[in-house]
Amino acid sequence: MPKTQFINPEDVRKPQILELGTIPVNSYDKTLSEELLRYSGEDLLRIYRDMRIIREFETMLNLVKTTGEYRGIPYTHPGPAHLSIGQEAAAVGMAYRLDIDDYIFGSHRSHGEILAKGLSAIQKLDDIRLQGIMEGFFGGRILSIVEKGHKGDLKALAIKFLTYGTLSEIFARESGFNKGLGGSMHAFFTPFGIYPNNAIVGGSGDIAVGAALFKKVNRKKGIVVANIGDASLGCGPVWEGMTFATMDQYTELWEGDMKGGLPLIFNIMNNQYGMGGQTCGETMGYTIAARVGAALNRVNMHAERVDGYNPLAVIDAYERKMRLLDEKQGPVLLDVLTYRFSGHSPSDSSSYRSKEEIEAWESVDSIVSFGRELIAAGVAEQLLLDRIRAETDELILGTFRLSIDDRVSPRMDLVTHPGLIGEMMFSNGSADVMEEGEPDVLMPLEENPRVKQNAGKERFAFDDRGKPHSSMKQFKFRDAIFEAIIDRFYRDPTMVAYGEENRDWGGAFAVYRGLTEALPYHRLFNAPISEGAIVGTAIGYGMCGGRVIPEIMYCDFLGRSGDEVFNQLPKWQSMSGNLIRMPVVLRVSVGSKYGAQHSQDWSSLVAHIPGIKVVFPATPYDAKGLMNAALQGTDPVVYFESQRLYGIGEEFHVGGVPEGYYEIPLGEPDIKREGEDITLLTIGATLYRAREAADLLYERYGMSAEIIDARSLVPFNYEPVLKSLKKTGRILLVSDASERGSFLKEMAHNITELGFDDLDAPPVVVGSRNWIIPAYELEDYFFPQASWILDAIHQKIVPLKGHHVSQNFTAAEQLRRSRQGV
Ligand SMILES: Cc1ncc(C[n+]2csc(CCOP(=O)(O)OP(=O)(O)O)c2C)c(N)n1
Ligand SMILES: [Mg+2]
């Protein structure tokens, strides 16, 4: 418990000098001849071969992009190709010691890393496993293509499998590793430990940390390497990822075998440029990227710069650093110095650097230098190197021919199956647990103080006579979420939850109170204030096969995790060709009372992005059922919780909140009150204001309103709403989100199209104003009120006899506001 970590003013106020220690730079000083005891001739030739395969692969792509042909065979590749010609030694050195259980992540310039890691995996796998992987992958489809006419051993076949699977992916063929849905910047192949590469530079900076967390928490073999460009050190996700990866708690607070650092290497592929900006001397201030380690923890992340132009220097560093990881001393930061001869992309004219500079680096080309050293050490003669070159050229030519052959390597057939990509957006799985096993917990569930306390609570808000139970006695919204979550913690051993103040505080809104007593640190912990990394690490954790609940304390902070929520969480299931599942339930609390930056409902931003499920429960019964369903699923779910509701009991579901397990299917709206004259469709907490409006409508105007609670935004079944409309002919939609561009507008539009014949008037949307949210004292002028619902009905749907309006919903006012953008 952090409480035990006493912060003594006497100690921390003492004067001292902070010594930062030292960071080695290019300290490897052996020649290849001196390393002959460490490597066999075969090993060294394989290093040479692997570098040559990458060089020719990238050269082929460069020629295709710049000349429209490769070795006389024309081909047009309109997509991207960010090449790493020049960086081969860094990639092969990085991958050489990695085993099949070690994972790499990368960025947009990752072809070399993919090939290097794949080649390393092929070398390490025995034939039976290798054959099994190839046969099992997409039903053996890729294998059946490359094995036709293959002469040679299984490893040679596997190398064809690797280059073909990668290239057909780059060329958007269905026979690619990710069915052509990932493409050049995202290709990956998890069976060889090659995890997603990311077109968002630095995107892997936090995702990879989550993968390392998964390995640690679930006691899995292997380490994780996050390949990151030098310029990406300026990216928030990288910094946040490093912050998350170096938290003291791993060594100070995690207990037993969990004590110790993450098995993770941040591998800076330091080619000294962004696209055109020079990192050292221009866009960054670190001079030597390894310096960054000094900011992160007291051991400088064991940072080191190594010469990435010498594969043996990189391998040497990996050997030493992997030992540290084995001793749980991670994470490690490696600054692997390299250079790309190729442009950022083939259209790049290299206007930002001089010819002399490129030539200077070409003159020390790592492949040529390594070849020379092989000869000098007597490992090879020129003839042998020439033969290796001829063989690798042949491999790439064969790969190229196969990948561009439309009959062998067709694209996904969206003519015959127009809905195919749609079918791949979600995995729609149902899994009690992500892995069998005994969950780590600290006490039997029944003994948990919160569970005991909840057992004595009233699970419906009202007594037999309709009187509300005292607030203290009611089983509340926050209890309902807690109940679903603790239940899953006691079932699924992979499940973890984290966010800001999640542990001893009990979550900012007391949802997790009691969980701290139940769970060891590694399953429930406080994250740094790094919303990007909170979501990003969860993505990495989920894609490796663990269930995870990250939490964003206020919806307004979603902006801080924008990339993770908009670009990463929703995309990897489909972009992987459905190889990956994403069992991540992101809890997002929607505030009120705290003004413009703590009270916004941004559900529409999330619902807009294809690939995320979005729910917004408004009652304890729904909160528990929807949380159970979200946790049973294998898709990413953003689960919105209104802070207005944490303290309410169940007021609608007469049976109260069941004690046992039940699910409410995502996507099904719920009729909360039946009525005849108008339908009120609500999202989130406006349910209660709609109920108030419905009471007023009845009391004052004799109108009966049917209230439907949307409960989910994505997916959403319109049928119950359309059925209601058939009866009422009128509909008003209400939520706390600012009205312009809100999800209500989307719903209103669909309802207009689908229910046009049943509508007496167009659907009317009542959202919050298109303003900043004012202080609590003025909030009622911003958020929809029950009276606004009546005003809008009166002015836009059906006149209410004798009604006095407080808000102006006339067409003229609508036009005026639109003209002013408010
Ligand atoms: C978030 C984001 N910003 C900008 C870009 C455009 N972009 C693509 S590559 C690149 C440079 C990246 O440099 P570095 O991280 O050093 O990797 P390198 O390209 O040198 O391998 C930029 C700015 C992007 N893809 N993603
Ligand atoms: Mg770079």
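Rules and cut-offs
Residues numbered from 1 in each chain as written. Chains lettered and ligands numbered in written order. Predicted model: local features only at pLDDT ≥ 70, side-chain atom pairs only at ≥ 80, totals over all residues. Heavy atoms only, no water. Helix = DSSP H or I, 4+ residues; strand = E, 2+ residues; numbered from the N terminus. Rg over C-alpha atoms; globule rule 2.2 N^0.38 Å. Buried < 20%, exposed > 50% of the residue type's maximum accessible area, 1.4 Å probe, protein only. Contact = heavy atoms within 4.5 Å. Lys, Arg positive; Asp, Glu negative; His and termini not counted. Charge placed at Lys NZ, Arg CZ, Asp CG, Glu CD. Pairing = 2+ DSSP bridges. Axes fitted to C-alpha atoms, helices over the stretch in contact; angles between N-to-C directions. Phe/Tyr/Trp six-rings, centres within 6.5 Å; stacked < 30°, edge-to-face > 60°. Near = heavy atom within 4 Å. Polar contact = N/O pair within 3.5 Å; in protein donor to acceptor, adjacent residues only side chain to side chain. Areas by Shrake-Rupley, 256 points an atom, 1.4 Å probe, with all protein chains shown as cover. Nonpolar A, V, L, I, M, F, W, Y, C, P; charged D, E, K, R; others polar. Patch = residues over 30% accessible without salt bridge, like charges linked within 9 Å, V, L, I, M, F, W, Y side chains within 5 Å. Salt bridge = Lys/Arg side-chain N within 4 Å of Asp/Glu carboxyl O. 1 Å grid on protein atoms, 1.4 Å probe; cavity = no way out; pocket = protein on both sides within 12 Å on 5 of 7 lines; lining within 4 Å. Points joined across faces, edges and corners; volume = space filled by probe spheres on them.

K.L.:
Explain the overall build of the protein chain to me, using residue names and the numbers behind them.
P.N.:
Helix and strand content of the protein chain: 29 helices and 20 strands. Scaling as 2.2 N^0.38, a compact globule of 822 residues should have a C-alpha radius of gyration of about 28 Å, and the protein chain matches this with 30 Å. In terms of its C-alpha atoms, the protein chain occupies a principal-axis envelope of roughly 100 × 70 × 50 Å. Across the 822 residues in the protein chain, those meeting the buried criterion constitute 61%. Long-range pairs, those at least 24 residues apart, make up 77% of the contacts in the protein chain with a sequence separation of at least 6. The centroid of the 86 positive side-chain charges in the protein chain is displaced by 2 Å from the centroid of its 109 negative side-chain charges.

K.L.:
I'd like to hear about the pairing of strand E9 (residues 496–499), residue by residue, with values.
P.N.:
Where burial is concerned, the two faces of E9 agree: the one with Val-496 and Tyr-498 and the one with Ala-497 and Gly-499 are both buried. Two strands pair when backbone bridges link them, and E9 and strand E11 (residues 548–552) are joined in this way by 4 bridges, in the parallel orientation. Looking at E11, one finds that Gly-499 is bridged to Glu-551. The pairing of E9 with strand E10 (residues 524–526) spans 3 bridges and is parallel. The partner of Gly-499 across the bridge, within E10, is Asn-526.

K.L.:
Before we move on, can you summarise the sheet that holds E11 with the specific residues and values?
P.N.:
Adjacent strands of a sheet form backbone hydrogen bonds with each other and so pair up, either parallel or antiparallel. Here we have 7 strands laid out as an open sheet, ordered E10-E9-E11-E12-E14-E13-E18, and mixed in their pairing. Across the chains shown, the open sheet's two edge strands, defined by having one partner strand only, are E10 and strand E18 (712–714). Neighbour-to-neighbour, the strand axes of the sheet open up by a mean angle of 20°, direction not taken into account. Lying on the sheet, helix H18 (residues 477–489) is in contact with E9, E11, strand E12 (585–590) and strand E14 (637–642); it crosses E14 at an angle near 150°.

K.L.:
Outline the sheet that holds strand E20 (residues 764–768), supporting the account with residue identities and numerical values.
P.N.:
A sheet is described by the order of its strands in space; here 5 strands give the open sequence E15-E17-E16-E19-E20, paired in mixed fashion. On the outer flanks of this sheet lie strand E15 (670–673) and E20, each paired with one strand and no other. On average, each strand axis in the sheet is tilted by 25° relative to the strand beside it, whichever way the strands run. Across 3 bridges, E15 lies against strand E17 (residues 705–709) in antiparallel orientation. Directly across from Asp-670, in E17, lies its bridge partner Asp-709.

K.L.:
Can you lay out the packing of aromatic side chains for me, pointing to particular residues and giving the numbers?
P.N.:
Taken as a whole and judged by the stated rule, the model has 37 aromatic pairs. Both rings, one in Tyr-70 and one in Phe-400, keep their centres 5.4 Å apart while their planes meet at 80°; by these two values the pair is edge-to-face. Here Tyr-70 is found in strand E1 (residues 69–70), whereas its partner Phe-400 is found in helix H15 (residues 382–404), with 330 residues between them in sequence. Summarising the burial analysis for this pair, Tyr-70 and Phe-400 share the class buried. Put simply, the rings of Phe-137, Phe-138, Phe-161, Phe-177, Phe-189 and Phe-192 touch in pairs and so form one group of aromatic residues.

K.L.:
Requested: an account of the site of ligand 1, with residues and values cited.
P.N.:
In the vicinity of ligand 1, 14 residues are found, and the nearest of them are His-108, Arg-109, Asp-230, Ser-232 and Asn-271. One nitrogen or oxygen atom from the side chain of His-108 is found 2.8 Å from an oxygen atom belonging to ligand 1. Measuring from an oxygen atom of ligand 1, one finds a side-chain N or O atom of Ser-232 at 2.5 Å. Protein burial of ligand 1: of its 570 Å² of free accessible surface, 71% is covered by the chains. Of the residues belonging to the shell around ligand 1, the class tally is 6 nonpolar, 6 polar and 2 charged.

K.L.:
Describe a nonpolar patch on the surface, and please don't skip the residues or the numbers.
P.N.:
Nonpolar side chains collect at one region of the surface, where Trp-771, Ile-772, Leu-778, Tyr-781 and Val-822 lie side by side and expose about 520 Å² of accessible area between them. Relative accessible area serves as the criterion here: at 64%, Ile-772 is assigned to the exposed category.

K.L.:
Describe the pattern of salt bridges, and please don't skip the residues or the numbers.
P.N.:
For the structure shown, the criterion picks out 50 salt bridges. Two residues, Glu-88 and Arg-55, come together in a salt bridge whose shortest N-O distance is 2.5 Å. Residue Glu-88 is found in helix H3 (residues 88–96), and its partner Arg-55 is found in helix H2 (residues 41–67); the two are separated by 33 residues along the sequence. Neither Glu-88 nor Arg-55 differs from the other in exposure class; each is buried. Its salt-bridge partner being Glu-435, residue Lys-220 comes within 2.9 Å of it at the nearest N-O pair. Of this pair, Lys-220 sits in the loop between helix H8 (204–217) and strand E5 (224–229) while Glu-435 sits in the loop between helix H16 (420–423) and helix H17 (449–455), placing them 215 residues apart in sequence. According to the relative accessible area criterion, Lys-220 is partly exposed, its value standing at 33%.

K.L.:
Any chance you could break down the environment of Val-565 for me, citing the residues and the numbers?
P.N.:
Take Val-565: it is sitting in helix H21 (residues 562–568). Along the sequence, Val-565 and Ile-315 sit 250 residues apart, while their C-alpha atoms lie 36 Å from each other. Excluding residues that lie within four positions of it along the chain, Val-565 makes contacts with Val-535, Leu-558, Pro-570, Leu-586, Val-606 and Ile-612.

K.L.:
Describe empty space enclosed by the protein, with residues and values.
P.N.:
As enumerated under the stated definition, the model contains 2 cavities of 30 Å³ or more in all. There is about 40 Å³ of room inside the largest cavity. Lining the largest cavity are Val-590, Gly-591, Ser-599, Asp-601, Phe-616, Ser-642, Arg-644, Asp-736 and Phe-783. Taken as a whole, the second largest cavity holds about 40 Å³ of empty space. Forming the walls of the second largest cavity are Ser-84, Gln-87, Glu-88, Ala-91, Arg-109, Gly-112 and Glu-113. Every element with two or more residues in the lining of the second largest cavity is listed here: H3 and helix H4 (111–124).

K.L.:
Summarise the environment of Ile-404; cite the residues concerned and give the values.
P.N.:
Along the chain, Ile-404 falls in helix H15. For Ile-404, a relative accessible area of 15% puts it in the buried group. Linking Ile-404 and Ile-612, residues 208 residues apart in sequence, is a C-alpha distance of 34 Å. Filtering out sequence-adjacent residues up to four positions away, Ile-404 remains in contact with Ile-73, Pro-74, Tyr-75, Phe-171 and Arg-173.

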